[in-house]
Amino acid sequence: MSIQANLEQVKDTFINPACLLVAVSKTKPVSAIEEAYAAGIRDFGENKVQELTEKQALLPEDIRWHMIGHLQRNKVKFIAPFVHLIHGVDTFKLLLEINKQAEKANRKISCLLQVHIATEDTKFGFSPEELLDLVQSSAYAELNHIQVRGLMGMATNTENQERVKAEFASLKKLLAEMNRLSLPSNTQMDELSMGMSGDYLLAQEEGSTMVRIGSAIFGNRNYR
Ligand SMILES: *Cc1c(COP(=O)(O)O)cnc(C)c1O
């Protein structure tokens with residue numbers, strides 16, 4: 001099927017039509033992005049800085065680029081001038097660097113804080129306790145070139161739907177819990193980035209506001 005047909009099929013299944021579809025184009029050629037762009041998609045997700053910057057230079061300026069992968073501090077400077085949203089912020093040190101590079105680029109950079117919700121220990125992210133401490137610390141409140149917009153999480157890669165659902169539910173609960181705190185002005189807890197090709201419907205049932213979908217749109221990836 002064509003990318004456009006895949007997009008229509010995915011969107012038709014959405015439980016929440018207001019949920020933002022971030023088309024994950026990692027490993028896919030510029031021509032595939034152009035096809036999705038022609039079908040109306042403006043939000044694209046990449047997980048490698050080099051690939052992201054190369055594609056950004058070649059593609060229309062109104063694309064909103066989402067950095068969805070693990071981000072190394074020494075690479076923040078390459079995306080700081082243009083990135084729309086950084087999904088996977090998982091350490092305070094990374095936030096500091098994003099703040100610094102955003103200031104240099106004379107902008108505010110939107111971020112999501114990644115929470116470790118999966119039971120697998122290989123996934124990145126803050127624990128709920130770390131997160132609650134972080135947003136209440138004075139060092140965090142001083143970062144005025146970042147804007148934290150919510151949370152991001154990845155569920156365990158398992159067939160067990162109840163488990164995946166419970167993990168997404170835990171992220172939603174944490175968002176609500178954070179909204180009961182008095183948060184600093186660099187933080188709004190509105191967005192929940194959760195759900196990929198295999199679990200985006202479960203994520204939407206649990207209140208996802210943005211889903212990151214790759215293979216269901218662009219087909220399977222060939223990793224090197
Ligand atoms: C690759 C990736 C996705 C998309 O995965 P699909 O299963 O192809 O939809 C979503 N989020 C992150 C963080 C990814 O790295």
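Quick summary incoming for the structure in this document. (Residues numbered from 1 in each chain as written. Predicted model: local features only at pLDDT ≥ 70, side-chain atom pairs only at ≥ 80, totals over all residues. Heavy atoms only, no water.)

On to helix α6 (residues 128–135). All of the buried residues along α6 are L131, L132, L134 and V135. All buried residues of α6 lie within an arc of 160° about the axis, which places them on one face of the element. Exposed residues lying more than 90 degrees from the buried face of α6 are E129 and D133. As for α6, its buried residues are in contact with α5 (92–104), β5 (109–115), α7 (138–141), β6 (146–153) and α8 (161–179). (Buried < 20%, exposed > 50% of the residue type's maximum accessible area, 1.4 Å probe, protein only. Helix = DSSP H or I, 4+ residues; strand = E, 2+ residues; numbered from the N terminus. Arc of directions from axis to C-beta. Contact = heavy atoms within 4.5 Å.)

Further remarks concern the pairing of strand β1 (residues 20–24). In terms of residue burial, β1 counts as a mostly covered element, since four of its five residues are buried. Summarising the sheet, β1 and strand β8 (residues 210–213) pair through four bridges and their orientation is parallel. Each bridged residue has a counterpart across the sheet, and for L21 the counterpart in β8 is V211. Relative to strand β2 (residues 43–46), β1 runs parallel, the two being bridged by two bridges. (Pairing = 2+ DSSP bridges.)

Bringing the nonpolar core into the picture now. Nonpolar side chains tend to gather and get buried jointly when the protein is soluble and globular. F44, L113 and L151 are the most contacted members of the largest nonpolar core, which has 63 residues in total. The biggest single contributor to this core is α8, with six residues. (Core = buried A, V, L, I, M, F, W, Y, C linked by side-chain atoms within 4.5 Å.)

What follows concerns the packing of aromatic side chains. Taken as a whole and assessed by the stated rule, the structure comprises two aromatic pairs. Each ring, one from F14 and one from Y200, has its centre 5.8 Å from the other, and the planes form 50°; the classification is tilted. Taken together, the positions of F14 in the loop between α1 (3–13) and β1 and Y200 in helix α9 (residues 200–205) put the pair 186 residues apart, joining distant regions of the chain. A relative accessible area of 11% places F14 in the buried class. (Phe/Tyr/Trp six-rings, centres within 6.5 Å; stacked < 30°, edge-to-face > 60°.)

Running from N to C, α6 and α8 point in directions that differ by 25°, and their axes come no closer than 11 Å. One way to sum up the angle between α6 and α8 is to call them roughly parallel. Judged by the twist between their axes, the crossing of α6 over α8 is right-handed. Contacts from P128, L131, L132 and V135 in α6 reach L174, E177 and M178 in α8. Counted by class, the contact of α6 with α8 contains six nonpolar, no polar and one charged residues. (Axes fitted to C-alpha atoms, helices over the stretch in contact; angles between N-to-C directions. Parallel < 35°, antiparallel > 145°, perpendicular 65-115°, else oblique. Left-handed = near helix turned anticlockwise from the far one by under 90°. Nonpolar A, V, L, I, M, F, W, Y, C, P; charged D, E, K, R; others polar.)

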